[in-house]
Amino acid sequence: METKHSVLKFWKDVQIFNPKMAKDSIRGHEIPSSLTALSDSKITLAEIIKYEVIAASFVAENDQKAPFKFWKSYAVEMPRLSTLALKCLSIPGSSASIERSFF
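Rules used throughout
Residues numbered from 1 in each chain as written. Predicted model: local features only at pLDDT ≥ 70, side-chain atom pairs only at ≥ 80, totals over all residues. Heavy atoms only, no water. Helix = DSSP H or I, 4+ residues; strand = E, 2+ residues; numbered from the N terminus. Buried < 20%, exposed > 50% of the residue type's maximum accessible area, 1.4 Å probe, protein only. Contact = heavy atoms within 4.5 Å. Phe/Tyr/Trp six-rings, centres within 6.5 Å; stacked < 30°, edge-to-face > 60°. Core = buried A, V, L, I, M, F, W, Y, C linked by side-chain atoms within 4.5 Å. Expected span 1.5 Å × (residues − 1). Arc of directions from axis to C-beta. Patch = residues over 30% accessible without salt bridge, like charges linked within 9 Å, V, L, I, M, F, W, Y side chains within 5 Å. Areas by Shrake-Rupley, 256 points an atom, 1.4 Å probe, with all protein chains shown as cover. Salt bridge = Lys/Arg side-chain N within 4 Å of Asp/Glu carboxyl O.

Please explain the environment of Leu 38 as it appears in this structure.
Relative to the assigned elements, Leu 38 resides in the loop between helix H3 (33–36) and helix H4 (45–56). Residue classification places Leu 38 among the partly exposed residues on the basis of a relative accessible area of 31%. Spatially, the C-alpha atom of Leu 38 lies 7.1 Å from that of Leu 84, the residues being 46 residues apart in sequence. Among residues more than four places away in sequence, those in contact with Leu 38 are Phe 10, Leu 84, Lys 87, Cys 88 and Ile 91.

Here's what the structure looks like:
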């Protein structure tokens with residue numbers, strides 16, 4: 001099923017940065033363009049493949065902060081991807097415009 005709403009699609013794309021869900025989310029060693037547009041530098045194929053390998057063996061904690069802990073612990077090994085992941089995971093998930101939030 002294709003996600004039509006841009007915020008929902010973006011949130012679905014962000015899920016690749018949750019190591020628990022990465023193996024089901026990354027297709028063809030590529031990061032979705034909706035996410036790479038937020039990056040200041042080009043994400044290398046080597047970093048993406050390294051993430052796929054590490055994420056495949058990742059044992060998820062029952063902790064909502066697990067993705068943040070993961071990316072902070074691998075920031076040296078995957079600097080560009082880690083920066084992008086932390087940036088994307090820090091975006092609050094909301095589809096309400098700011099005006100509707102206060103009425």
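Would you take a moment to explain the packing of aromatic side chains for this structure?
What describes a pair of aromatic rings is the distance from one ring centre to the other and the angle between the planes of the rings. By the definition in use, this model includes five aromatic pairs. Between Phe 17 and Trp 71 the ring centres are 5.9 Å apart and the planes differ by 80 degrees, which places this aromatic pair in the edge-to-face class. In this pair, Phe 17 sits in the loop between helix H1 (6–14) and helix H2 (22–25) while Trp 71 sits in helix H5 (residues 66–73), placing the two residues 54 residues apart along the sequence. The same class applies to Phe 17 as to Trp 71, namely buried. Pairing Phe 70 with Trp 71 gives two aromatic rings, centres 5.1 Å apart and planes at 85 degrees, and the pair type is edge-to-face. A single burial state applies to Phe 70 and to Trp 71, both of which are buried. Members of the aromatic cluster, each reached through a chain of ring pairs, are Phe 17, Tyr 51, Phe 70, Trp 71 and Tyr 74.

Help me understand the nonpolar core, please; the structure alone is not making it clear to me.
Grouped burial of nonpolar side chains is what soluble globular proteins tend to show. With 19 residues, the main nonpolar core has Phe 17, Ile 31, Leu 35, Tyr 51, Trp 71, Met 78 and Leu 81 as its most contacted residues. Going through the elements one at a time, H4, H5 and helix H6 (79–89) are the ones with two or more residues in this core. No other element matches H6, which puts five residues into this core. The residues touching Leu 81, leaving out its near neighbours within four places in the chain, are Phe 17, Ile 31, Ile 43, Glu 47, Ile 48, Tyr 51 and Trp 71.

Help me understand H4, please; the structure alone is not making it clear to me.
Given 3.6 residues per turn, any residue in an α-helix points the same way as the ones three and four places further on. The terminal C-alpha atoms of H4, which comprises twelve residues, lie 17 Å apart, in line with the 16 Å expected from a rise of 1.5 Å per residue. When we look at burial in H4, the residues that qualify are Glu 47, Ile 48, Tyr 51, Ile 54 and Ala 55. Each buried residue of H4 sits inside an arc of 130 degrees when the element is viewed along its axis, so together they form one side. Exposed positions of H4 whose direction lies more than 90 degrees from the buried face are Ala 46, Val 53 and Ala 56.

Please explain a nonpolar patch on the surface as it appears in this structure.
Residues Leu 45, Ile 49 and Val 53 make up a contiguous nonpolar surface patch of about 260 Å² in total accessible area. For Ile 49, the location among the structural elements is in helix H4. Judged by its relative accessible area of 34%, Ile 49 is partly exposed.

Just checking my understanding: could you explain the environment of Trp 11 for this structure?
Mapped onto the elements, Trp 11 comes out in helix H1. Given a relative accessible area of 43%, Trp 11 falls into the partly exposed group. Remark: the alpha-carbon pair of Trp 11 and Cys 88, spanning 77 residues in sequence, is separated by 9.0 Å.

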